[in-house]
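# Geometric and topological summary
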Amino acid sequence: MSEQSLPADALPEYAERVLDVAELIPPGRVMTYGDVAEWLEEGGPRQVGRVMALYGGAVPWWRVIRADGKLLPGHELDALGHYRAEGTPLKEASRASEGHLPRVDMKRARWDGGGRTEGHT
């Protein structure tokens, strides 16, 4: 069955799996797009990013981020509010950085998917 013939409320199977992983990430922690793909053992960072862009609004999207810790362009303030509320480790921006926005401190905030459940497919 092609994606075009799916009912409007149906998600492609890969998208469901990506969103399931996003929901597993604990508050205050993050995974990169590549981490999610690696955890699923399928796809890559771009595929995960595409899923998050199209379908991620109903899950904690701010917990799936770029590997450099930069906040999602266009959603920086929303993400920052979530990070601060959840206690996500941040690196304060230097005065020279564009927009003076902090980044996620990847060394401290990155979640390795520990405690994976059996049969995670």
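Notes on the structure in this doc start here. Only a predicted model underlies this, so the values are computations on that prediction, with no experimental measurement involved.

## With respect to the nonpolar core
V18, V36, V48, M52, V64, Y83 and V104 are the most contacted members of the largest nonpolar core, which totals 31 residues. Within the residue set of this core, elements represented by two or more residues are α1 (13-24), α2 (33-40), α3 (45-55), β2 (64-65), α4 (76-86) and α5 (106-109). At six residues, the largest contribution of residues to this core is made by α1. Beyond its immediate sequence surroundings of up to four residues, V104 is in contact with V30, I65, G69, L71, Y83, T88, P89, L90 and A109.

## Brief notes about the side chain of T88
You can see T88 is positioned in the loop between α4 and β3 (90-91). Residue T88 is classed as buried on the basis of its relative accessible area of 6%. Leaving out residues up to four positions away in the same chain, T88 has contacts with G28, R29, V30, Y83, V104 and A109.

## A few points about the pattern of salt bridges
Scanning all chains against the criterion turns up six salt bridges. Salt-bridge contacts for E42 lead to R17; the nearest nitrogen and oxygen are separated by 2.4 Å. Within this pair, whereas E42 is found in the loop between α2 and α3, its partner R17 is found in helix α1, the two being separated by 25 residues in sequence. Take E42: its relative accessible area is 37%, and that puts it in the partly exposed class. For R17, a relative accessible area of 11% translates into the label buried. Among the ionic pairs, D68 bridges to R66, the shortest N-O distance being 2.5 Å. Among the residues examined, D68 registers a relative accessible area of 31% and is labelled partly exposed. According to the relative accessible area criterion, R66 is partly exposed, its value standing at 35%. A network of salt bridges, in which partner residues are shared, links E13, R17 and E42.

Cut-off values and rules
- Residues numbered from 1 in each chain as written.
- Predicted model: local features only at pLDDT ≥ 70, side-chain atom pairs only at ≥ 80, totals over all residues.
- Heavy atoms only, no water.
- Core = buried A, V, L, I, M, F, W, Y, C linked by side-chain atoms within 4.5 Å.
- Buried < 20%, exposed > 50% of the residue type's maximum accessible area, 1.4 Å probe, protein only.
- Helix = DSSP H or I, 4+ residues; strand = E, 2+ residues; numbered from the N terminus.
- Contact = heavy atoms within 4.5 Å.
- Salt bridge = Lys/Arg side-chain N within 4 Å of Asp/Glu carboxyl O.

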